[in-house]
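Given next are the chains, with one letter for each unit.
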Amino acid sequence: MLTFYNISKVFNTDILKKSFTALDDVSFNIPEGKIIGFLGANGAGKTTSIKIAMDFIRPSSGTVEFGETLRSNKNTIFDKIGYLPERPFFYPHLTGKDFCYYMGALSGLNRSTINKQIHFWAPRFNIEFALNREIKGYSKGMLQRIGFLVTLLHNPKLIILDEPLAGLDPVGRKELREIIVEVNKQGTTVFFSSHIVSDMEEICHDVVFLKSGRMIFNGSVKSLIDKNTKLENEIRFIHDGQLCVKIISEDKKLAFLNSCLSQNDNIISVKRVQASLEEIFYEV
Amino acid sequence: MRFSLNSLKRVLMISHYTFKEIIKSKILLNTLFLGFAILTITYVALSFTYGEATKISLDFGLGLLTMSSIGIAIFIGVGLLSKEIESRTVYMVISRPVKRHEFIIGKILGLNLVLMLNIAILSVFTYLTYFYIGGVFTSLLIWTIFFIMLESLLVLLLVCLLSLITTQTLTVIISLAVYVTSHGIHTALKTSFTQSQPLLEQLLKILHYILPAFYKLNIKSFLLYQQEIATSYLLGASLHTLFYCLFLVFLCIYVFKTKDLN
């Protein structure tokens, strides 16, 4: 659906200052119909990549290619993409509803379609009570919600979200996660960056992992975890009436289990020790 | 850069919401305040002047009108595009099927509508007062307002262009400097001091050709002193300004299209 081919971006902020490489030969693919997480520490180049995908900034080298579903013409591509920036800030004197009408109209929707969409999504985002208020009175979470709502107004095929879960309370995060999963089930591809790794692990099929402007992983969450998990097992058993827990490597597992059985120990569970995505993130 | 009906719709949509956003920021309260200032000043001036009341009324009215429209063009115009980029609201718009030139034309059109409304309201205050105290109609009354509109549009475009390539503070300083220089340069070229300094004269002549010709749009003295002014001059100055505006619009679009929106 969206492919990055050898994208590099060098910023020359000042003539007197050294240039800064934000992205270095980054290539990855966003397959259709999946939820893809964009992982990386602060300054890894996630937002820069998203800005390049959205044509806000141009790459120093490399190309971005949109798939057949989005077509190759600029207008039709952006007709089918929904985008939510990081720390969204909208027109303060417009009301939430005005803002929805504005964004919907720019996507070519008529008033009645926009109203229908607002009636459908506003209760889901718990924002209907604030739609007639000026945006300047919105909290950070409310801005995030109204931003997400306008992102979905035109039923996009691909949504690109930059830190959509930042600034939300746990309940809000859960609600937005559910909406992401729901729109994905309806056929929308979701590509989003986040620092909240546990959320990604819960809902993402694939991840793209950036480190210091370089791509270090692009694939399924499971394969990333498998790749970074040592082959160890946690064995719980009862020995002389006491519960014991032993961590044992895969190659010694069978021998250990045999010795337990020969001593008439009661084996309760054998579980593979698996690192979480968050642990892998910190480790990397 | 192509225009279609849909393109025009998007431009009008952007200008509509830009207009709405600025109007809701209560900028017109300032206009109404100035309108009542015109009435008050004229009332006070009537007590102090004899036989010159209409002239004083027009002078104050048109002066305040020019100052307020140039003020709005500079101080609101400076944030029109740069604030959109800084606060990332521009991302929400151009991530839709909106081309960059549609965005910039829509934004400029929206603020220009605010300027026109401001000028229209203050013109009503000025001319109603003028006619009430016995002023007579002349076509220059219309031309003066038209030229103030052109002048504020020219300032707005200059400010928009500068705000895309430099900081907001520098934009305000440079815009004010260009405005003042352009008004003064025409007179400066006629002074004997300038004519006695060939290098200075050459430099001023170059600036005279490059800078927007704001001095051409100042026809208030013709109106105040009831002097004749040739129609060819009025048409020539209008066309010159319109072409300069068009040139600035193209420059704005070019800079905005090639700019990284960081």
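Look a little higher up for the structure.
First things first, this report covers the structure right here in the doc. (Residues numbered from 1 in each chain as written. Chains lettered and ligands numbered in written order. Predicted model: local features only at pLDDT ≥ 70, side-chain atom pairs only at ≥ 80, totals over all residues. Heavy atoms only, no water.)

**Here we look at the overall build of chain A**
A count of helices and strands for chain A gives 10 helices and 12 strands. C-alpha extents for chain A along the principal axes are approximately 75 × 50 × 40 Å. For chain A, with 284 residues in total, the buried portion stands at 49%. The contacts in chain A between residues at least 6 apart in sequence include a share of 67% that link residues at least 24 apart. (Helix = DSSP H or I, 4+ residues; strand = E, 2+ residues; numbered from the N terminus. Buried < 20%, exposed > 50% of the residue type's maximum accessible area, 1.4 Å probe, protein only. Contact = heavy atoms within 4.5 Å.)

**Describing the packing of aromatic side chains**
Where two aromatic rings form a pair, the distance of their centres and the angle of their planes describe that pair. Within this structure, the stated rule accounts for 24 aromatic pairs over all chains. Ring plane angle 50 degrees and centroid distance 5.8 Å describe the contact between Y91 of chain A and Y102 of chain A, whose orientation is recorded as tilted. Of this pair, Y91 of chain A sits in the loop between strand 5 (81–84) and helix 3 (96–106) while Y102 of chain A sits in helix 3, and the two are 11 residues apart along the sequence. The class for Y91 of chain A is buried, based on a relative accessible area of 6%. On the basis of relative accessibility, which here comes to 1%, the residue Y102 of chain A falls in the buried class. Their ring planes at 70 degrees and their centres at 5.5 Å tell us that F237 of chain A and F256 of chain A sit as a pair that is edge-to-face. Highlighted residues: F237 of chain A in strand 10 (residues 232–239) and F256 of chain A in helix 9 (residues 250–262), separated in sequence by 19 residues. Residues F237 of chain A and F256 of chain A agree in their burial class; the two are buried. Three or more aromatic residues joined by ring pairs form one cluster here, namely F90, Y91, F99 and Y102 of chain A together with Y17 of chain B. In this structure, R111 of chain A is placed above the aromatic ring of Y101 of chain A, and the distance from its NZ or CZ to the ring centre is 3.7 Å. If you follow R100 of chain B out to its NZ or CZ, it ends over the ring of F256 of chain B, 5.9 Å from the centre. (Phe/Tyr/Trp six-rings, centres within 6.5 Å; stacked < 30°, edge-to-face > 60°. Lys NZ or Arg CZ within 6 Å of the ring centre and 35° of its normal.)

**Some thoughts on unusual backbone geometry**
Residues and elements named next belong to chain A. Phi is positive for D55, close to 70 degrees, though the residue is something other than glycine. Take D55: it is sitting in the loop between helix 1 (46–53) and strand 4 (61–66). On the accessibility criterion, D55 (31% relative accessible area) is partly exposed. With a phi angle near 50 degrees, N126 is a residue other than glycine that sits in the positive phi range. Along the chain, N126 turns up in the loop between helix 4 (111–124) and helix 5 (140–152). Residue N126 is classed as partly exposed on the basis of its relative accessible area, which comes to 36%.

**So, the interface of chain B and chain A**
Each side of the interface is counted separately: chain B has 29 residues, and chain A has 38 residues. Approximately 3100 Å² of surface area, both sides summed, lies buried where chain B meets chain A, with 54% of it carried by carbon and sulfur atoms. Of all residues in chain B, the largest losses of buried area upon contact with chain A belong to Y17, M92 and R96 of chain B, amounting jointly to 24% of the total for that side. At the junction of chain B with chain A, the criterion picks out 3 salt bridges. As a salt-bridge pair, K20 of chain B and D98 of chain A come within 3.1 Å of each other at their nearest N and O atoms. (Buried area = accessible area lost by both parts, 1.4 Å probe. Salt bridge = Lys/Arg side-chain N within 4 Å of Asp/Glu carboxyl O.)

**Topic: a nonpolar patch on the surface**
Residues and elements named next belong to chain B. Taken together, the side chains of L239, L242, F243, L246 and F250 present a nonpolar region at the surface, about 510 Å² in accessible area. Its location among the elements puts L246 in helix 12 (residues 231–258). With a relative accessible area of 45%, L246 lands in the partly exposed category. (Patch = residues over 30% accessible without salt bridge, like charges linked within 9 Å, V, L, I, M, F, W, Y side chains within 5 Å. Areas by Shrake-Rupley, 256 points an atom, 1.4 Å probe, with all protein chains shown as cover.)

**Some words on the pairing of strand 6 (residues 158–162) of chain A**
The two faces of a sheet get side chains in turn, since along a regular strand they alternate between them. Residues and elements named next belong to chain A. By the criterion of burial, strand 6 is predominantly enclosed, with 5 of the 5 residues buried. Pairing geometry for strand 5 and strand 6, over 4 bridges, is parallel. The residue of strand 6 that forms the bridge with G82 is I159. Relative to strand 7 (residues 189–193), strand 6 runs parallel, the two sharing 5 bridges. Bridge pairing in strand 7 places I160 opposite F191. With respect to chirality, the unit in which strand 6 leads through helix 6 (residues 170–185) into the neighbouring parallel strand 7 is right-handed. (Pairing = 2+ DSSP bridges. Right-handed = clockwise from strand over helix to strand, strands pointing away.)

**As for helix 10 (residues 198–210) of chain B**
Residue and element names in this part refer to chain B. The first and last C-alpha atoms of helix 10 sit 18 Å apart over 13 residues, in line with the 18 Å expected at 1.5 Å per residue. Among the residues of helix 10, those classed as buried are E201, L204 and H208. Projected down its long axis, helix 10 carries its buried residues within an arc of 65 degrees, all on one side. Residues of helix 10 that are exposed and point over 90 degrees away from its buried face: L199, Y209 and I210. For helix 10, the secondary structure elements touched by its buried residues are helix 8 (168–190) and helix 9 (192–195). (Expected span 1.5 Å × (residues − 1). Arc of directions from axis to C-beta.)

**Quick word on the sheet that holds strand 11 (residues 242–249) of chain A**
All names here are of chain A. Spatial ordering of the open sheet is given by 11-10-12, a layout of 3 strands whose pairing is antiparallel. Because the sheet does not close on itself, it has two edges, and the strands there are strand 11 and strand 12 (266–272). Going from strand to strand, the sheet's axes swing by 20 degrees on average, the running direction of each strand aside. Summarising the sheet, strand 10 and strand 12 pair through 6 bridges and their orientation is antiparallel. Bridge assignment links N233 to a residue of strand 12, and that residue is R272. (Axes fitted to C-alpha atoms, helices over the stretch in contact; angles between N-to-C directions.)

**Let's talk about the sheet that holds strand 9 (residues 214–220) of chain A**
Residue and element names in this part refer to chain A. One open sheet holds the 6 strands; their spatial order is 5-6-7-3-8-9, and the pairing between them is mixed. With partners counted over all chains shown, the strands left at the sheet margins are strand 5 and strand 9, one partner each. Within the sheet, the average angular offset between the axes of one strand and its neighbour, ignoring direction, is 15 degrees.

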